[in-house]
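Per-entry structural report
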Amino acid sequence: MNASIVNPPANVWNVEQRVKALLAKMTLAEKVGQMSQFNASEGYAPDYLADGLRAGLIGSVLNVVDLKVVNELQRIAVEESRLGIPLLVGRDVIHGFKTVMPIPLGQAATWNPGLATTAAQISALEAATTGVNWTFAPMMDISRDPRWGRIAESLGEDVFLASEMAVAMVEGFQGDDLSAPGSIAACAKHFAGYGAVESGRDYATTNIPESELRNVYLRPFKSAVDRGVVSIMTSFSDLNGVPGTGNEFLLRQILRDEWSFDGFVVSDWDSVRQLQIHGLTENDRESAYEAVTAGVDMEMAGDSYANHIASLVEEGRLSITTIDAAAANILRAKFRLGLFENAYTDPGALPPIANEHALGTAKTLALQSVVMLKNAGGLLPLSADKLRSVAVIGPLADAPYEQLGTWIFDGDAGLSITPLNAIRSLVSPDVDIRYLRAMETSRSRASEEFAEAVQLARESDVTILFLGEESILSGEAHSRADIGLPGAQGELVQRIREAGKPVIVVILAGRPLTLANILDNVDAILFAWHPGTMGGAAIADLLFGLESPSGKLPSTFPRMVGQIPIYYSQKNTGKPPSPEGIVHIDDINTFAPQVSLGMTSFHLDAGYTPLFPFGYGLSYAKFEYKHICTSAHEIRIGDTVTISAEVSNVGQVAAVEVVQLYIRDLVGSVTRPVRELKGFRRVNLEPGQAVVVEFDLHTNDLAFYGRDMSVVTEPGLFHAWIGGSSTASLRTEFRLVASE
Ligand code: NOJ
């Protein structure tokens with residue numbers, strides 16, 4: 001017998017009893033009401049909203065952030081409906097509320113889960129001032145396709161890093177006590193596989209073998225469920241022939257039966273009705289039937305549930321037990337959030353928005369998220385006292401809204417510190433900062449202002465180009481087929497180079513970009529993602545050396561789109577490439593001899609390596625790794641092995657290095673990736689300082705889903721690397737031996 005069921009903690013027992021007692025009083029219509037969420041962006045003006053609330057026909061609203069309206073909606077629900085059930089008030093609080101943090105992909109580049117927790121806490125507190133008690137975040141779809149616009153919202157390509165960051169964010173939103181003021185329910189989304197949409201085209205189909213689904217795409221969700229995430233959102237996408245919102249395998253077998261999830265599942269916007277458009281059902285009624293049967297507890301922004309569930313129950317097609325379970329999942333969340341004790345929001349009980357702590361955290365996150373991709377000749381950091389003039393050029397140098405990125409419904413661009421403003425206030429008035437936007441938007445093709453830009457570059461000591469993508473170029477339904485710098489930006493770089501002065505490029509973007517065409521034409525590149533409210537201040541501090549860059553790539557940067565998907569934890573193939581075994585043909589249209597060079601797995605025109613690998617990022621310091629050790633050469637199931645290495649700062653400045661541990665399971669009954677991240681740590685080192693960094697690996701960390709989809713840990717040899725990126729070369733090994 002399971003002890004936790006016999007003896008649950010008092011509050012859990014209490015919640016279950018209260019859910020049961022309330023359910024016993026509810027009519028079928030009221031239960032269906034709990035399962036229905038409506039868009040309230042017009043406030044309580046539409047009659048259906050206030051009337052629906054009074055009649056107990058609405059369990060949740062979304063997109064209302066006017067506190068007066070929210071409190072009034074809660075008042076109607078609590079005081080004027082028969083059973084007084086409070087509302088879940090949902091909102092996309094994705095990477096900040098008024099204070100905008102870097103996009104989630106940028107947050108993943110910090111490799112700093114603790115800071116992501118703090119940022120989510122701040123976002124929750126700010127959102128809670130408007131009565132929002134539920135965010136549709138974090139998105140934890142693993143994505144290995146930078147064409148997909150929603151990669152901006154993701155935590156990158158890697159299972160381990162994404163899981164750590166996702167759990168950290170859930171912790172920040174929900175806190176230790178869900179009912180505490182400022183704690184809001186989180187939502188793990190999108191269940192599941194959305195990040196694998198074909199060719200990165202949003203909403204497209206996914207075909208993911210079950211082994212890959214379980215070993216890769218589901219793992220962050222499992223971690224979030226284990227951490228107690230309150231809700232899960234289904235995916236718009238079709239998974240192996242069954243759209244997420246009708247996917248019983250995902251929502252019942254995996255989520256409920258295998259993982260024992262006791263929160264609730266919400267559809268994505270209108271995705272119940274879309275089951276018909278997918279071609280899974282004939283009409284709305286059948287869509288409601290399929291979604292409820294699959295395990296979708298709440299319908300977002302649609303009325304298929306409201307219109308059809310009751311009659312489906314009356315006809316006996318849906319059982320009342322199924323409806324009770326769905327309503328109970330939602331009520332449980334409301335009790336846990338403490339809404340029955342107090343549904344109203346008193347903003348006076350919460351800290352002011354955009355306070356010093358919020359802005360400070362946004363700046364620290366932005367500082368840590370920036371990845372230095374190139375720094376030829378140590379051009380960076382710039383010394384403000386040695387410069388007389390700096391040309392600041394480009395469409396994103398002074399674009400307060402664009403630096404915020406996608407999903408910033410409530411963000412306040414008025415709070416943004418742009419790079420131009422930050423540079424101006426950081427350097428002394430003796431340094432001449434000359435600014436030219438040069439392009440109206442990042443997409444402009446016009447080059448009329450380029451001559452002036454070149455002139456400015458020629459007359460200045462150094463040029464800093466602010467390039468990339470506006471926020472509209474990433475996010476939902478904003479996928480791109482070509483992920484190079486848009487518009488005439490490539491030409492602008494080329495022209496500026498011809499001015500003959502040092503060129504630094506700072507890129508603000510919502511996704512990894514293909515940068516091979518500019519790489520040789522610039523001296524330094526800082527990749528800043530969309531860095532949020534305080535992005536400019538962080539970038540200026542990095543440019544002028546107040547801090548050293550410490551961000552590391554959470555996604556592989558391809559040389560060209562045709563390499564996608566390219567990610568570090570690939571399988572080896574039977575014909576893995578090596579430098580000797582490839583022929584590189586720059587111009588594929590010229591005669592290419594059919595030679596046998598080992599017949600390995602690569603592209604004639606791109607080779608087999610990415611432009612920048614996962615985990616990569618430069619620093620103003622220089623780090624050396626040596627003395628990798630394993631605490632044991634042989635381990636048995638249940639043991640922990642410690643892998644360590646010495647890391648030293650042999651550079652001139654103090655800096656943080658993200659030390660990374662990778663392993664490879666050399667032989668598996670299901671082939672294993674060539675490398676898997678298993679640990680990381682941010683280490684702050686003074687010049688000349690060395691530390692030994694240790695990682696403990698339990699044999700559970702070596703487990704994977706085997707051929708029969710059960711979790712297996714197989715004996716055999718493991719390689720382990722410690723270093724500053726996924727291409728680390730310092731290696732040791734240990735063997736897992738079968739227990740006698
Ligand atoms: C659709 C998006 O896919 C989802 O992530 C978001 O939370 C909902 N719309 C609500 O805005």
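In this text the structure is predicted, and so the values were computed from the model without any measurement.

Okay, the sheet that holds strand β5 (residues 187-191) next. What the three strands build is an open sheet, ordered β5-β6-β9; its pairing is parallel. Edge positions in the open sheet fall to β5 and β9 (264-266), since each of these has one partner strand only. The average undirected angle you get between the axes of adjacent strands in this sheet is 25°. Along the sheet, helix α10 (residues 219-226) contacts β5 and β6 (231-234); its crossing angle with β5, the most-contacted strand, is approximately 155°.

We now examine the packing of helix α13 (residues 284-294) against helix α14 (residues 304-314). To describe two helices that pack against each other, one gives the angle between their axes and the distance between the axes. Where α13 meets α14, the closest approach of the two axes is 9 Å, and the angle between their N-to-C directions is 80°. In this view, α13 runs roughly perpendicular relative to α14, as classed from their interaxial angle. For the pair α13 and α14, the contacting residues are Asp284, Arg285, Ala288, Tyr289, Ala291 and Val292 in the first and Ser304, Tyr305, His308, Ile309, Ser311 and Leu312 in the second. Here the contact of α13 with α14 is built from residues that sort into seven nonpolar, three polar and two charged.

Let's shift gears to the domain arrangement of the chain. The assigned domain composition of the chain is domain 1 (3-349) and domain 2 (623-737). In this structure, domain 1 and domain 2 have C-alpha centres spaced 36 Å apart. Listed per partner, the contact involves 13 residues of domain 1 and 13 residues of domain 2. Here domain 1 meets domain 2 over a buried area of about 1,200 Å², counting both sides, of which 64% is carbon and sulfur. The largest share of the area that domain 1 buries against domain 2 comes from Trp111, Phe160 and Asn215, three residues that together contribute 48% of it. Applying the counting criterion to the domain 1 and domain 2 interface returns zero salt bridges. Where domain 1 packs against domain 2, one counts two residue pairs in polar contact (both at pLDDT 80 or more). Elements that contribute at least two residues to the side of domain 1 that touches domain 2 include exactly α8 (159-174) and α9 (210-217).

On to the site of the ligand, then. Within the structure, the ligand sits among Asp92, Phe136, Arg150, Lys189, His190, Met233, Phe236, Asp268, Trp269, Met300, Trp407 and Glu476. Here Asp92 contributes a side-chain N or O atom positioned 2.4 Å from an oxygen atom of the ligand. Here an oxygen atom of the ligand sits 2.7 Å away from a polar atom, N or O, in the side chain of His190.

Bringing unusual backbone geometry into the picture now. Put simply, Ala137 and Pro138 share a cis peptide bond, and its omega is 5°. Its place among the elements puts Pro138 in the loop between β4 (134-135) and α8. Each neighbour pair has its own omega, and for Leu380 with Pro381 the value is -5°, a cis peptide bond. Along the polypeptide, Pro381 turns up in the loop between β11 (371-375) and β12 (389-393). Not every positive phi belongs to a glycine, and Ala438 is a case in point at roughly 65°. Take Ala438: it is sitting in the loop between β13 (432-436) and α18 (450-458). Residue Ala438 is classed as buried on the basis of its relative accessible area of 3%.

Procedures and definitions
Residues numbered from 1 in each chain as written. Predicted model: local features only at pLDDT ≥ 70, side-chain atom pairs only at ≥ 80, totals over all residues. Heavy atoms only, no water. Pairing = 2+ DSSP bridges. Helix = DSSP H or I, 4+ residues; strand = E, 2+ residues; numbered from the N terminus. Axes fitted to C-alpha atoms, helices over the stretch in contact; angles between N-to-C directions. Contact = heavy atoms within 4.5 Å. Parallel < 35°, antiparallel > 145°, perpendicular 65-115°, else oblique. Nonpolar A, V, L, I, M, F, W, Y, C, P; charged D, E, K, R; others polar. Domains from an automatic or database assignment. Buried area = accessible area lost by both parts, 1.4 Å probe. Salt bridge = Lys/Arg side-chain N within 4 Å of Asp/Glu carboxyl O. Polar contact = N/O pair within 3.5 Å; in protein donor to acceptor, adjacent residues only side chain to side chain. Near = heavy atom within 4 Å. Buried < 20%, exposed > 50% of the residue type's maximum accessible area, 1.4 Å probe, protein only.

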